[in-house]
Amino acid sequence: MTDTTLVDADLFRSLLRRHAAAVVVITAPGSPPAGFTATSFTSVSLDPPLVSFALARTASAWPAVRAAETIAVHVLTREQEHVARTFSTRGIDRFAAHGSWRAGPEGVPLLDGVLATLVCRVTQQVEAGDHTIVLATPSFGEHHSDATVTPLVYHDGSYAHLKRTA
């Protein structure tokens, strides 16, 4: 591979569709609060604990996320595809449409019934192309009490479910 040209956008999308990712909803406080569906969430470091996600600076949630000191990451269960779809729908009040949430620390919205929740302090924002990578340190976390509940996954352009094996 000596060609120095970049992969074009269509091929890049096609390649990344092969990558399966957990589906999360990230929320930020504000007036109104912001929330969006993401698959870019990942752990970064154990010491210190750090997580990251990326958000387009053109996204409707970007102004609230840019200003937030605290955000929450909600890992969705396989039964919460409707939540993922709600928080990825444009032009609606996502929190009114979802309905099942409460205010957490510093007013960050916390969604009910998710697989796991991490409330995080934003530590850094790094511009990367047309997105910003947000780095955050978890300050609080909780997870679903039923260890058999599995996450919602996004793969090849659609939502999918994991099947547990022995």
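Within the protein chain, the regular secondary structure consists of four helices and twelve strands. A buried classification covers 37% of the 166 residues belonging to the protein chain. Intrachain contacts of the protein chain at a sequence separation of at least 6 include 62% that bridge at least 24 residues. Here the protein chain displays about 9900 Å² of accessible surface, and carbon together with sulfur accounts for 55% of that area.

Between side chains of opposite charge, a pair can form when the charged atoms approach closely. On inspection of all chains with the given rule, the structure shows eight salt bridges. Residue Glu142 pairs with Arg102 through a salt bridge whose shortest N-O separation is 3.3 Å. One end of the pair, Glu142, is in strand β10 (residues 131-143); the other, Arg102, is in strand β7 (residues 101-103), and 40 residues separate them in sequence. A salt bridge links Arg121 to Glu106; the shortest N-O distance between them is 2.4 Å. Residue Arg121 is located in strand β9 (residues 116-128), and its partner Glu106 is located in the loop between β7 and β8 (109-111); the two are separated by 15 residues in the primary sequence. Each of Glu69, Glu106 and Arg121 takes part in a single network of salt bridges with overlapping partners.

Moving on: the side chain of Thr150. Examined against the element boundaries, Thr150 turns out to sit in the loop between β10 and β11 (152-155). Judged by its relative accessible area of 6%, Thr150 falls in the buried class. Those residues in contact with Thr150, other than ones at most four positions away along the chain, are Leu76, Thr77, Arg78, Leu115, Leu162 and Arg164.

Let us now look at the sheet that holds strand β1 (residues 21-22). Strand order in the open sheet formed by three strands is β1-β11-β12, with antiparallel pairing between adjacent strands. Of all the strands in the sheet, just β1 and β12 (158-161) have a single pairing partner and so form its edges. Here four bridges tie β11 to β12, and the two strands are oriented antiparallel to one another. Bridging from a neighbouring strand, Val153 pairs with Ala160 of β12.

Time to look at unusual backbone geometry. Excluding glycine, most residues fall at negative phi; most peptide bonds, likewise, are trans. In this model, Ser31 is joined to Pro32 through a cis peptide bond whose omega is 5 degrees. With respect to the element layout, Pro32 can be found in the loop between β2 (24-28) and β3 (34-38). Put simply, Asp47 and Pro48 share a cis peptide bond, and its omega is 0 degrees. Mapped onto the elements of the fold, Pro48 is located in the loop between β4 (42-46) and β5 (49-56). With phi around 55 degrees, Glu106 is a residue other than glycine that occupies positive phi space. For Asp156, which is not glycine, the phi torsion reads 50 degrees and is therefore positive.

Turning next to the nonpolar core. Ranked by internal contacts, the top residues of the largest apolar core, which has 24 residues, are Ile26, Phe36, Phe53, Val65 and Ile71. When contributions to this core are tallied by element, the ones reaching two or more residues are β2, β3, β5, α2 (62-67), β6 (70-75), β9 and β10. In this view, Phe36 contacts Val24, Val25, Ile26, Phe53, Leu55, Ala61, Val65, Phe87 and Arg94; residues no more than four positions away in its chain are not counted.

The grouping of Val7, Leu11, Phe12, Leu15 and Leu16 at the surface amounts to a nonpolar patch, some 470 Å² of accessible area in total. Looking at the element boundaries, Leu11 is found in helix α1 (residues 9-16). Classification of Leu11 as partly exposed rests on a relative accessible area of 41%.

Scoring rules and cut-offs
- Residues numbered from 1 in each chain as written.
- Predicted model: local features only at pLDDT ≥ 70, side-chain atom pairs only at ≥ 80, totals over all residues.
- Heavy atoms only, no water.
- Helix = DSSP H or I, 4+ residues; strand = E, 2+ residues; numbered from the N terminus.
- Buried < 20%, exposed > 50% of the residue type's maximum accessible area, 1.4 Å probe, protein only.
- Contact = heavy atoms within 4.5 Å.
- Areas by Shrake-Rupley, 256 points an atom, 1.4 Å probe, with all protein chains shown as cover.
- Salt bridge = Lys/Arg side-chain N within 4 Å of Asp/Glu carboxyl O.
- Pairing = 2+ DSSP bridges.
- Core = buried A, V, L, I, M, F, W, Y, C linked by side-chain atoms within 4.5 Å.
- Patch = residues over 30% accessible without salt bridge, like charges linked within 9 Å, V, L, I, M, F, W, Y side chains within 5 Å.

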